[in-house]
Amino acid sequence: MDNADVKHSEDPLKPHKPIETNYSKHQDDPGPSPQAVHEQDKNGAAPVLKWIIPILVVALLIYWLFFKG
């Protein structure tokens, strides 16, 4: 671990950096870009998981109640 980046440090208790609006001014230590913060999640897994997880929970509950006893 000798090649650790000394400039990179994260403290969970500190607030996050504001969205970067002037990159050239803060080039040494920039905040997140507006594109990174406001990225649209068009093809994410959330809509599918919203339906699969409850169906699996109900199916496993039915299996456990009727077939394990």
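The structure contained in this document is the topic of the report that follows. (Residues numbered from 1 in each chain as written. Predicted model: local features only at pLDDT ≥ 70, side-chain atom pairs only at ≥ 80, totals over all residues. Heavy atoms only, no water.)

Structural notes on the packing of aromatic side chains
Any pair of aromatic rings gets described here by the distance separating the centres and the angle formed by the planes.
So, step 1. In the structure shown here, the tally under the stated rule is one aromatic pair.
So, step 2. Plain terms: the ring middles of Y63 and F67 are 6.0 Å apart, the flat faces sit at 35 degrees to each other, and that makes the pair tilted. Residue Y63 and its partner F67 are located together in helix α2 (residues 46-67), separated by four residues, close to a single helical turn.
So, step 3. By relative accessible area, which is 62% here, F67 ends up exposed. (Phe/Tyr/Trp six-rings, centres within 6.5 Å; stacked < 30°, edge-to-face > 60°. Helix = DSSP H or I, 4+ residues; strand = E, 2+ residues; numbered from the N terminus. Buried < 20%, exposed > 50% of the residue type's maximum accessible area, 1.4 Å probe, protein only.)

Some details on a nonpolar patch on the surface
So, step 1. A cluster of nonpolar side chains, namely V58, L61, I62, Y63, W64, L65, F66 and F67, defines an oily patch on the protein surface of about 920 Å² accessible area.
So, step 2. Tracing the backbone through its elements, the reader meets L65 in helix α2. (Patch = residues over 30% accessible without salt bridge, like charges linked within 9 Å, V, L, I, M, F, W, Y side chains within 5 Å. Areas by Shrake-Rupley, 256 points an atom, 1.4 Å probe, with all protein chains shown as cover. Salt bridge = Lys/Arg side-chain N within 4 Å of Asp/Glu carboxyl O.)

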